[in-house]
Amino acid sequence: MNKIKEADILDKAKLTLEDVFKDELTLRDKNWTSNGDKGIDGHLLFNGVEFPFIVFTQATTGQVVKSVKKLPKEKNILFILDYAKPEMIHFFKENNLFFVDTAGNCYVNLPNFKIMIDGRKNVFGKLPDTKIAFQKTGLKLIYQLLIEPELASENYRTIASKTGVSLASVNNIFEELKEDNFIIEVNHKKRNLYRVERLVTKWAINYTDILRPKIHRGYFRPLTPKTDVSKNILAEKNGQIYIGGQLAAQHLNGQIIASTSALFSNIRLSKMVEKYHIIPTQSTTQDANIEVLEVFWNENPADNPAKNHLLTDPVLIYAELLNSNNFRSVEAAQHILENEIRDKFIGYKLHW
């Protein structure tokens, strides 16, 4: 843990809130360097109300869920973040979890003490630009490496052909992944993925923020209410539609009962509407339980006939669940990360 970075985040959050509320709010941290609570970074006096707090330098919903599960439920834990994006703020509010960030966004909901602030921008400067490895093209390439770890050892020309990424971009992306220790060279002919858990988590976050909005094709609902469209798709096994998100997690390990379906397909929308009796709708409507997204990876079922090609790879299922504001979905994502995904890469004898 980088205690200096964590202390900076704590101080920035305090300074910003004190500036927002002037004399109406007092913040004082105690026991920052020493406390008796396992998993707690310290305690914050928030207008005299004491909150155990946890500082995250880079927060994900999965990390928050993991922390909540380890701590007593009666504790009013305050999560202190560098900067909470709108979807993260929504997650905290939906699950009644308290937080404050360095921009002054804040959510505390106790019977006699309520603060709700959002929409504030980062006041401590723009973060550095994301490297190209975690932009749209790089995210596609990294995902191909995650579903086919042996591809990392192929020559760049083969990787470019397999992924549809230009040779120059492959070279640049691999150089960045080497710099960040996500790829190591075992010898002159072999490259391995490294620090895979960190790579998967970082990929999932950037997939949600950068790639996913670009592959969204539309929201739909069944023409006849309560019709399970997925049953027909699963029965066909035609290899043209992949099941993702909650429904894929339900079929993968039964950790969650699906209420929504993410379908990855490049089939014409008009054909899908006609064949599966679905109609377009808006994402804001409650019955918009089907989302269609573009297939952004290359996969040949003949390469691995044992794999269930109706489901997306567990890495993508994990990322899709993290995209949810539902606590159970995020909890299921963490389970997949610690089991199916971890087991896969340990099986490849890669550094987890």
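The structure we're discussing is the one just above.
First, a word on scope: everything that follows refers to the structure included in this document. (Residues numbered from 1 in each chain as written. Predicted model: local features only at pLDDT ≥ 70, side-chain atom pairs only at ≥ 80, totals over all residues. Heavy atoms only, no water.)

**Overview of the overall build of the protein**
For the record, the criterion: Runs of H or I in DSSP of at least four residues are treated as helices and runs of E of at least two as strands, each being numbered from the N terminus. Burial here depends on accessible area, computed with a 1.4 Å probe over protein chains only, as a share of the maximum for the residue type. Under 20% is buried, over 50% is exposed, and the range in between is partly exposed. Contact between two residues is taken to exist if any of their heavy atoms lie within 4.5 Å; hydrogens are not considered. Computed by Shrake-Rupley with a 1.4 Å probe, the accessible areas treat only the displayed protein chains as cover when residues are assessed.
In terms of regular secondary structure, the protein is built from 12 helices and 14 strands. Buried residues in the protein amount to 47% of all 352 residues. A separation of at least 24 residues holds for 60% of the contacts in the protein among residues at least 6 apart in sequence. As displayed, the protein has an accessible area near 18000 Å², and 49% of this comes from carbon and sulfur atoms.

**Some remarks on the packing of helix H4 (residues 136-147) against helix H6 (residues 167-179)**
Test applied: To define axes, lines are fitted to C-alpha atoms, for helices over the stretch in contact only, and angles between the resulting N-to-C directions are given on a 0 to 180 degree scale. Our angle categories are set so that under 35 degrees counts as roughly parallel, over 145 as roughly antiparallel, 65 to 115 as roughly perpendicular, and the remainder as oblique. Note on residue classes: Ala, Val, Leu, Ile, Met, Phe, Trp, Tyr, Cys and Pro are nonpolar, Asp, Glu, Lys and Arg are charged, and everything else, Gly too, is polar.
Look at H4 against H6: their axes get within 11 Å of each other, and the N-to-C directions meet at 70 degrees. What the angle tells us is that H4 and H6 run roughly perpendicular. Of the residues in H6, those in contact with Thr137, Gly138, Leu141, Ile142 and Leu145 of H4 are Val170, Ile173, Phe174 and Leu177. Residues that form the contact of H4 with H6 fall into these classes: 7 nonpolar, 2 polar and no charged.

**Some details on the sheet that holds strand S14 (residues 290-293)**
Test applied: Here a strand pair is declared whenever DSSP counts at least two bridges between the two strands.
One open sheet holds the 5 strands; their spatial order is S11-S12-S14-S10-S13, and the pairing between them is mixed. Strands at the two margins of the open sheet, each flanked by one partner only, are strand S11 (241-244) and strand S13 (278-281). Direction aside, the axes of adjacent strands within the sheet are offset by 35 degrees on average. In the sheet, S11 pairs with strand S12 (residues 261-265) via 4 bridges, with the strands oriented antiparallel. Of the residues in S12, the one forming a bridge with Tyr242 is Phe264.

**Remarks on helix H12 (residues 327-347)**
Think of an α-helix as 3.6 residues a turn; residues three or four steps apart then line up on the same face. Threshold: Given the number of residues in a helix, its expected span is that number minus one, multiplied by 1.5 Å. Throughout, bend refers to the angle between the axes fitted to the seven residues that end at a position and the seven residues that start at it. Here a polar contact means two N or O atoms within 3.5 Å. Within protein one must be a hydrogen donor candidate and the other an acceptor candidate, and residues neighboring in sequence count only if both atoms are side-chain atoms.
With 21 residues, H12 should cover 30 Å at 1.5 Å per step; its first-to-last C-alpha distance of 29 Å lies within 8% of that length. At Ile336, H12 shows its strongest bend, of approximately 35 degrees. For H12, the complete set of buried residues consists of Ser329, Val330, Glu331, Ala332, Ala333, Gln334, Ile336, Leu337, Ile341 and Phe345. A side-chain oxygen of the first residue of H12 lies 2.8 Å from the backbone nitrogen of Arg328; this N-cap is Asn326.

**Here we look at the packing of helix H2 (residues 61-70) against H12**
The axes of two packed helices give the description: the angle between them and the distance between them. Where H2 contacts H12, the axes come no closer than 9 Å and their chain directions differ by 95 degrees. Comparing the axis directions of H2 and H12 gives the class roughly perpendicular. Every residue of H12 that contacts H2 at Thr61, Gly62, Gln63, Val65, Lys66, Val68 and Lys69 is listed here: Phe327, Val330, Glu331, Gln334 and Glu338.

**Some thoughts on the packing of aromatic side chains**
The line we're drawing: Stacked, tilted and edge-to-face are the three classes applied to pairs of Phe, Tyr and Trp rings, where Trp contributes its six-membered ring and a pair requires centres within 6.5 Å; stacked means planes under 30 degrees apart, edge-to-face means over 60, and tilted covers the rest. Here, over-ring charges are defined by two tests on the NZ atom of lysine or the CZ atom of arginine: distance to the ring centre within 6 Å, and angle to the ring normal within 35 degrees.
Under the counting rule described, the total for this entry stands at 19 aromatic pairs. Three or more aromatic residues joined by ring pairs form one cluster here, namely Tyr143, Trp203, Tyr207, Tyr242, Phe264, Phe296 and Trp297. Looking at Lys202, its charged tip hangs above the ring of Phe134, at a distance of 4.5 Å from the centre.

**What to know about the side chain of Thr208**
Locating Thr208 in the fold gives a position in helix H7 (residues 196-215). Residues contacting Thr208, with those up to four places away along its chain left out, are Pro213, Ala319 and Asn323.

**A word on the pattern of salt bridges**
What counts here: Each salt bridge in this description consists of a side-chain nitrogen of Lys or Arg and a carboxyl oxygen of Asp or Glu lying within 4 Å of one another.
By the definition in use, this model includes 11 salt bridges. For Glu338, the salt bridge is made with Lys66, and the minimal N-O distance between the two is 3.5 Å. Remark: Lys66 occurs in helix H2 and Glu338 occurs in helix H12; sequence separation between them is 272 residues. In this structure, the salt-bridge partner of Glu175 is Lys178, at a minimum N-O distance of 3.5 Å. Taken together, the residues span about one helical turn, with Glu175 and Lys178 both in helix H6 at a distance of 3 residues. Using a relative accessible area of 34% as the deciding quantity, one classes Glu175 as partly exposed.

**Remarks on H4**
With 12 residues, H4 should cover 16 Å at 1.5 Å per step; its first-to-last C-alpha distance of 17 Å lies within 8% of that length. Burial of H4 is extensive: 9 of the 12 residues sit out of reach of the surface. Every buried residue of H4 is accounted for by Gly138, Leu139, Leu141, Ile142, Tyr143, Gln144, Leu145, Leu146 and Ile147.

**Observations regarding the pairing of S14**
Of the two faces of S14, the one lined by Ile290 and Val292 and the one lined by Glu291 and Leu293 are each fully buried. As defined by bridge partners, strand S10 (residues 216-222) adjoins S14 across 4 bridges and the pair is classed as antiparallel. Among the inter-strand pairings, Tyr219 is bridged to a residue of S14, identified as Glu291. Sheet analysis places S12 next to S14, joined by 4 bridges and oriented parallel. Along S14, the bridge assignment pairs Phe264 with Leu293.

**Notes on the pairing of strand S5 (residues 98-101)**
Our working definition: Consider the strands pointing away from the viewer: the crossover is right-handed when the path from the first strand over the helix to the second runs clockwise.
Where burial is concerned, the two faces of S5 agree: the one with Phe98 and Val100 and the one with Phe99 and Asp101 are both buried. Of the strand pairs in this sheet, strand S4 (residues 78-81) and S5 are connected by 4 bridges, and their pairing is parallel. By the bridge assignment, Leu78 is partnered in S5 with Phe98. For the crossover that starts at S4, traverses helix H3 (residues 86-94) and ends in the parallel S5, the hand is right-handed. Sheet topology places S5 next to strand S6 (residues 106-110); 2 bridges connect them, and they run antiparallel. Among the inter-strand pairings, Phe99 is bridged to a residue of S6, identified as Tyr107. Connecting S5 to the next strand, S6, in antiparallel fashion are 4 residues, including Gly104 with a positive phi near 100 degrees.

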